[in-house]
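Overview (structure and organization)
Here are the chains, one letter per residue:
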Amino acid sequence: MTYARDVGALARKDLLLQLRAGDTLPAMLIFVVATFVVFHFALPSGSSDLAATGLLWVALVFTALLGLGRAFVPEREQGVLDGLVLAPCDRSAIWLGKAIAMLVFLVAAEVVALPVFALFFHQLPWAAVVGVVLADLGICTVGTFVGAMAVATRARDLLMPLLFLPLAIPLVIGGVGASVVSGPGRYLEFLALYDALFALLCWASFEYVVAE
Amino acid sequence: MLHARRLGKRFGEKRVLRGVDLDLEHGGFLVVTGPNGSGKTTLLRICAGLARPTEGDLERTATRARIGYLGHEPLVYRELTGLENLDLYGKLYRVPERRERVGMLLERFGLWEARHQRVGAYSRGMTQRLALCRVLLHDPALLVLDEPYTALDAAGAELLDAQLAELRGERTCLVSTHDPARIEPLQTAALGLVA
């Protein structure tokens, strides 16, 4: 219960910070909608739905990257990570709170993005939507972890995509697979397994990321 | 409370701290002085548990929950109000009767009226006062204060004098300063570092 309270307090703090800064969610929304508009005109007429579905996943991963790149900005600019690290709560609560806040923003962006995608391209099957939700979990757990690693370095803006994108490849494979095949169960299971495995790894090793 | 033997720290090839010995018993008040670049901040970060020494041994009996650390940064969020910042730390430190304790500290440090303002709107001195509230919030057994008088006006400095005097003998304090005369009456030991 104490751990849940710590995570709740930290997630609430992250949501408040991002809402008050007012930059992450609008940036994500503008980016994802603009990307769909570009893709709409870039794809030749008569292109298959499969190609459009692939582009959906490209847009989602880069939209998430945009948000994740801002995840630890308050801690970096104001040096607050030292304060959180010194607090007696389990340090993984810092990661989990931030991952939850990022998940809220990513889902909020997708609530707008998916209907816009349907408007420009085609309706998404239910399996694709489930795939997006499962992929969001993986993106936020891994992305927040990588963000914490990158924030400690000088080349943080360079390091974040370099570390995150290779780790997101399985999510894209699973998501695209779940979106285009007739029996998506295998791909959805793969995404769930990825989420569980990486959530466990990030939870167990976050302590070493924030400790000197 | 705090014992160090031949403590040292390197960042790559650069040595920032060398051969520091210190003993600080419960209730002690150690003043650390030294010129810029002598390693005061590094020593205090090591003692607070924020950095690891690359040489020597450090023994600290206070757990993380019982350490109050004031660094060069106030360690508060600019987008949150003073009250929200202290409330967050109060939750993380599981401070009993949190709201009363937060209110008492805000009042003592003259921030009660500004409690609903975002820290970004605070002056540097007000932010330092809030940082001091954060440090004292969980009633730490070991206070590690890195140049705590920075940015405080005369009234703020007097408040801090009074607070440190109140804690003397009951809490263990490790304080770095460029103005040792100010806290000389409180000190039980001194450590001078050289660049």
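Overview of the structure. (Residues numbered from 1 in each chain as written. Chains lettered and ligands numbered in written order. Predicted model: local features only at pLDDT ≥ 70, side-chain atom pairs only at ≥ 80, totals over all residues.)

Along the backbone of chain B there are six helices and eight strands. Here chain B has a C-alpha radius of gyration of 17 Å; the compact-globule value for 195 residues is 16 Å, and the two agree. When the backbone C-alpha atoms are referred to their principal axes, chain B occupies close to 45 × 30 × 30 Å. A total of 195 residues make up chain B; the buried ones form 43% of that total. Within chain B, contacts between residues at least 6 apart in sequence are counted, and of these 72% link residues at least 24 apart. (Helix = DSSP H or I, 4+ residues; strand = E, 2+ residues; numbered from the N terminus. Rg over C-alpha atoms; globule rule 2.2 N^0.38 Å. Buried ≥ 20, exposed ≤ 12 C-beta atoms within 10 Å, placed from the backbone. Contact = placed C-beta atoms within 7 Å.)

Turning next to the sheet that holds strand 1 (residues 2–11) of chain B. Residues and elements named next belong to chain B. Read across the open sheet, the three strands follow the order 2-1-4; overall the sheet is antiparallel. With one partner strand each, in any of the chains shown, strand 2 (14–24) and strand 4 (55–60) form the two edges of the open sheet. The sheet shows a mean angle of 25° between the axes of neighbouring strands, direction not considered. Here strand 1 runs beside strand 2; their pairing, made up of seven bridges, is antiparallel. Across the sheet, residue K9 finds its bridge partner in strand 2, namely L17. (Pairing = 2+ DSSP bridges. Axes fitted to C-alpha atoms, helices over the stretch in contact; angles between N-to-C directions.)

As a further point, take the interface of chain B and chain A. With 22 residues of chain B at the contact, the number on the chain A side is 20 residues. Elements that contribute at least two residues to the side of chain B that touches chain A include exactly strand 5 (67–70) and helix 2 (82–92) of chain B. No other element matches the four residues that helix 2 of chain B contributes to the side of chain B that touches chain A. For the side of chain B that touches chain A, the residue count by class is 14 nonpolar, two polar and six charged. (Nonpolar A, V, L, I, M, F, W, Y, C, P; charged D, E, K, R; others polar.)

Residue and element names in this part refer to chain B. Pairing is parallel in the open sheet, where five strands are placed in the order 5-6-7-3-8. The sheet is open, and its two edges are formed by strand 5 and strand 8 (189–192), each paired on a single side. The mean inter-strand angle of the sheet, taken between neighbouring strand axes irrespective of direction, is 10°. Pairing between strand 3 (residues 29–33) and strand 7 (residues 172–176): four bridges, direction parallel.

So, on to helix 1 (residues 40–48) of chain B. Within helix 1 of chain B, eight of the nine residues are buried, leaving the element largely enclosed by the surrounding structure. Note on helix 1 of chain B: the residue one or two positions beyond its end, B:G49, has a positive phi of about 95°.

Glancing now at unusual backbone geometry. All names here are of chain B. The backbone of R94 sits at a positive phi, close to 50°, despite the residue not being glycine. Looking at where R94 falls in the secondary structure, it is placed in the loop between helix 2 and helix 3 (98–108). In this model, E97 sits at a positive phi of 50°, which is unusual for a non-glycine residue.

Before going further, it helps to spend a moment on the packing of helix 3 (residues 49–68) of chain A against helix 8 (residues 156–180) of chain A. All names here are of chain A. One way to put it is that helix 3 packs onto helix 8 with a least axis distance of 10 Å and a crossing angle of 145°. Crossing geometry of helix 3 relative to helix 8 is assigned as right-handed. Touching L50, T53, G54, W57, V61, L65 and L68 of helix 3 are M160, P161, F164, A168, V172, G175, V176, S179 and V180, all from helix 8. A per-class count over the contact of helix 3 with helix 8 returns twelve nonpolar, four polar and no charged. (Left-handed = near helix turned anticlockwise from the far one by under 90°.)

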